[in-house]
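Residue-level listing of the chains:
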Amino acid sequence: MAVEKLSVSLPDIVAARARRAAERAGIPLSTWLAEAAETAADLAEAQAAAQDYAAQFGEPDAGELSEIRAELAAAGVGAPESPEDAAARAAALARLLGLPNERRAG
């Protein structure tokens, strides 16, 4: 996987919290930051897609929202993930992305 080296500036408290989180996860700070940035980018893209959809088709009414929520709940969206499932998902994703074995452990 290609990487781009960047120089970023963070407020002291944010940098300290990120370091602690990376240490707890047992991963390098750069990996933790990359994962956090990817999560934030995914959310931003999902929000933009929802806004585009609403602009094109209008906001869903109460019935449609209820149906959407029921479908998401049935699919397990928002349900807590067990540590075992989280580890299995992380390992599978690491394999798909071709990450080194030490990152596959999650």
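Above this note sits the structure.
Residues numbered from 1 in each chain as written. Predicted model: local features only at pLDDT ≥ 70, side-chain atom pairs only at ≥ 80, totals over all residues. Heavy atoms only, no water.

A. View of the overall build of the protein chain. Each helix and strand counted, the protein chain has 5 helices and 0 strands in total. At 18 Å, the protein chain has a C-alpha radius of gyration far larger than the 13 Å of a compact globule built from 106 residues. Across its three principal directions, the C-alpha atoms of the protein chain cover 45 × 35 × 30 Å. Counting the 106 residues in the protein chain, one finds 10% classified as buried. Roughly 8800 Å² of accessible area belongs to the protein chain as shown, and the carbon and sulfur atoms make up 57% of that amount. Looking at the protein chain, you have 10 positive and 17 negative side-chain charges, and the mean spots of the two groups are 13 Å apart. (Helix = DSSP H or I, 4+ residues; strand = E, 2+ residues; numbered from the N terminus. Rg over C-alpha atoms; globule rule 2.2 N^0.38 Å. Buried < 20%, exposed > 50% of the residue type's maximum accessible area, 1.4 Å probe, protein only. Areas by Shrake-Rupley, 256 points an atom, 1.4 Å probe, with all protein chains shown as cover. Lys, Arg positive; Asp, Glu negative; His and termini not counted. Charge placed at Lys NZ, Arg CZ, Asp CG, Glu CD.)

B. Quick look at the packing of aromatic side chains. This model, assessed by the stated rule, comprises 1 aromatic pair. Ring geometry for Y53 against F57: centres 4.7 Å apart, planes inclined by 40°, an arrangement best described as tilted. Residue Y53 and its partner F57 are both found in helix 2 (residues 29–57); the two are separated by 4 residues, about one turn of the helix. For the pair shown, Y53 and F57 are each scored as exposed. (Phe/Tyr/Trp six-rings, centres within 6.5 Å; stacked < 30°, edge-to-face > 60°.)

C. Region of the structure containing the pattern of salt bridges. By the definition in use, this model includes 1 salt bridge. Note that E81 is salt-bridged to R89, the shortest N-O span being 2.9 Å. Relative accessible area serves as the criterion here: at 46%, R89 is assigned to the partly exposed category. (Salt bridge = Lys/Arg side-chain N within 4 Å of Asp/Glu carboxyl O.)

D. Focus on the packing of helix 1 (residues 12–25) against helix 2. Orientation of helix 1 relative to helix 2, taken along the N-to-C sense of each, is 105°, at an axis distance of 9 Å. Taken together, the axes of helix 1 and helix 2 lie roughly perpendicular to each other. Together, A18, R19, A21 and A22 of helix 1 and L29, W32 and L33 of helix 2 make up the contact between the two elements. Classifying every residue of the contact of helix 1 with helix 2 gives 6 nonpolar, no polar and 1 charged. (Axes fitted to C-alpha atoms, helices over the stretch in contact; angles between N-to-C directions. Parallel < 35°, antiparallel > 145°, perpendicular 65-115°, else oblique. Contact = heavy atoms within 4.5 Å. Nonpolar A, V, L, I, M, F, W, Y, C, P; charged D, E, K, R; others polar.)

E. Main features of a negative patch on the surface. On the surface, a cluster of negative charge is made up of D61, E64, E67 and E71. Looking at the secondary structure, you find E64 in helix 3 (residues 62–74). Since its relative accessible area comes to 40%, E64 is described here as partly exposed. (Patch = residues over 30% accessible without salt bridge, like charges linked within 9 Å, V, L, I, M, F, W, Y side chains within 5 Å.)

F. Representation of the layout of surface pockets. Space inside the second largest pocket adds up to approximately 230 Å³. What lines the second largest pocket is A50, Y53, A54, F57, G58, E59, P60, E64, L65, I68 and R69. The set of elements that each furnish at least two residues to the lining of the second largest pocket consists of helix 2 and helix 3. Of the residues that constitute the lining of the second largest pocket, the class distribution is 7 nonpolar, 1 polar and 3 charged. (1 Å grid on protein atoms, 1.4 Å probe; cavity = no way out; pocket = protein on both sides within 12 Å on 5 of 7 lines; lining within 4 Å. Points joined across faces, edges and corners; volume = space filled by probe spheres on them.)

What is shown is where atoms sit, not what they do.
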